[in-house]
Amino acid sequence: MKHPRTVDDVMTHAVVSARLGAPVKEIVRSMRRWGVSAVPVLSAEGRVVGVVSEADILGKVPGEDRDSVGSVTAGSLMSAPAVTVPRGATIAGAARLMGRGRLKRLPVVDEEGRPVGVVSRGDLLKVYLRSDAEVAEDVRHELLTHLIPEGDTALTVRVADGAVTLTGRLPESVSADLALRLARAVPGVVDAAAEFTTA
């Protein structure tokens, strides 16, 4: 089974969106119906140009003037430019982007900027629910595929609650730091340590 490495592996493929001219009531109905707190706003060409969140609506829609509420649209409410992520972005990269912007969800776009999904904080956290055995298998696979020629090592990978311990022998051409960096890049790894001997 393919282990999750990019947002494409964990994102929700259904996208609830709004057109630029969508009135606020339509946006709120969509949010309530689909249980989302923000929707991407699409241009006439279908590209993501902004995002309307609950905070945008509550902060910008006049509370008392009912007539003006009817004229408020997604285009006037949205935060722009939209913070998006390509479907091939790493899970770690998407998490950093969310953390910097204090975002709960990111629209996932294709090469043309059109939405193909949405990734949430909860989606990104799923990688930490993987079993230690799955994580160990993926770490072993990454090390043997990218660093160590087959049959040229005696490597042991142990994982406990996402913490990886690498022991054994590395070829002289491979540094322990590089092996640890590769191990830490595997989704679900929370820490990595090594006790290597050289070949």
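Okay, so let's go over this structure. Per chain, residue numbering runs from 1 following the sequence as it is written. Residue-level local features of this predicted model are given only where pLDDT is at least 70; pairs of side-chain atoms are given and counted only at 80 or more, and the full residue set underlies all totals for whole chains, interfaces and linings. Values shown for side chains rest on all heavy atoms present in the structure; no hydrogens or waters enter the calculation.

Time to look at the overall build of the chain. Within the chain, the regular secondary structure consists of nine helices and nine strands. Exposed residues in this analysis have more than 50% of their type's maximum accessible area, buried residues have under 20%, and partly exposed residues fall in between, with area computed by a 1.4 Å probe over protein chains only. The buried share of the chain, taken over its 199 residues, is 40%. Considering only residue pairs separated by 6 or more positions, the chain has 57% of its internal contacts joining residues 24 or more positions apart. In short, Shrake-Rupley with a 1.4 Å probe defines the accessible areas, and a residue's cover is counted only from the protein chains shown. Of the roughly 11400 Å² of accessible surface on the chain, a fraction of 52% belongs to carbon and sulfur atoms. Numbering of helices and strands runs from the N terminus; a helix is a DSSP stretch of H or I covering at least four residues, while a strand is a stretch of E covering at least two. The contact criterion used is simple: two residues touch if any of their non-hydrogen atoms lie within 4.5 Å.

The next thing to look at is the sheet that holds strand S1 (residues 18–19). The strand order across the open sheet formed by three strands is S1-S2-S3, and the pairing between neighbours is mixed. In the strand order of this sheet, the two ends are held by S1 and strand S3 (48–53), each with one partner. One requirement defines pairing of two strands: DSSP has to find at least two bridges between them. Sheet topology places S1 next to strand S2 (residues 38–42); two bridges connect them, and they run parallel. The residue bridging Arg19 from the neighbouring strand is Leu42, located in S2.

The next subject is the sheet that holds strand S4 (residues 85–86). What the three strands build is an open sheet, ordered S4-S5-S6; its pairing is mixed. Sheet topology places S4 and strand S6 (115–120) at the edges, where each strand pairs with a single neighbour. Alignment of S4 against strand S5 (residues 105–109), held across two bridges, turns out to be parallel. Paired with Pro86 across the bridge in S5 is Val109.

Attention shifts here to the layout of surface pockets. Definitions used for this entry: grid spacing 1 Å over protein atoms alone; cavity, a set of points where a 1.4 Å probe fits but cannot get out; pocket, an open set with protein on both sides within 12 Å along at least 5 of 7 lines; lining residue, one with an atom within 4 Å of a point. Grid points are joined across faces, edges and corners, and a volume is the space filled by probe spheres set on the points. Approximately 440 Å³ is the volume found for the largest pocket. If you go around the largest pocket, you meet 21 residues; those closest to its centre are Ala38, Val51, Ser53, Leu103 and Arg105. For the lining of the largest pocket, the elements supplying multiple residues, two or more each, are S2, S3, helix H3 (54–60) and S5. Asp, Glu, Lys and Arg are counted as charged, while Ala, Val, Leu, Ile, Met, Phe, Trp, Tyr, Cys and Pro are counted as nonpolar; the rest, among them Gly, fall into the polar class. Considered class by class, the residues forming the lining of the largest pocket number 12 nonpolar, four polar and five charged. Residue assignment for the lining of the second largest pocket shows that the elements contributing at least two residues are helix H6 (91–101) and helix H7 (121–125). The residue makeup of the lining of the second largest pocket, split by class, is 11 nonpolar, two polar and three charged.

With that settled, the discussion passes to helix H9 (residues 176–184). Along H9, the positions that sit buried rather than exposed are Ala179, Leu180 and Ala183. Along the axis of H9, the buried residues cluster in a sector spanning 95°; they form a single face. Facing away from the buried surface of H9 by more than 90 degrees, the exposed residues are Asp177 and Arg181. In this description, the arc belongs to the directions extending from the helix axis to the C-beta atoms.

In this section: the packing of helix H8 (residues 132–146) against H9. A pair of packed helices can be characterised by two numbers: the angle between their axes and the separation between those axes. The interhelical angle for the contact between H8 and H9, taken along N-to-C directions, is 135°, at an axis separation of 9 Å. The angle between H8 and H9 falls in the class oblique. Once H8 is placed against H9, the crossing between them reads as right-handed. Seen from H8, the contacting residues are Val139, Glu142, Leu143 and His146; seen from H9, they are Ala179, Leu182 and Ala183. Here the residues of the contact of H8 with H9 sort into five nonpolar, one polar and one charged. Fitted lines through C-alpha atoms serve as axes, helices being fitted only where they are in contact, and the angles separating the N-to-C directions of these axes extend from 0 to 180 degrees. If an angle is under 35 degrees, it is roughly parallel; if it is over 145, roughly antiparallel; if it lies from 65 to 115, roughly perpendicular; otherwise it is oblique. For a crossing to be left-handed, the near helix must be turned anticlockwise from the far one by less than a right angle; the clockwise case is right-handed.

With that settled, the discussion passes to the nonpolar core. In this text, buried Ala, Val, Leu, Ile, Met, Phe, Trp, Tyr and Cys residues form a nonpolar core when linked through side-chain atoms within 4.5 Å. Among the nonpolar cores identified, the biggest contains 19 residues, and Val139, Leu143, Val157, Val164 and Leu166 are the most heavily contacted of them. Of all the elements in the fold, those that place two or more residues in this core are H8, strand S7 (154–160), strand S8 (163–170) and H9. When near neighbours in sequence (up to four residues on either side) are disregarded, Val164 contacts Val135, Val139, Val157, Arg158, Val159, Val189, Asp191, Ala192 and Ala193. Ranked by size, the runner-up nonpolar core spans 15 residues in total, among them Met31, Val36, Val39 and Val72.

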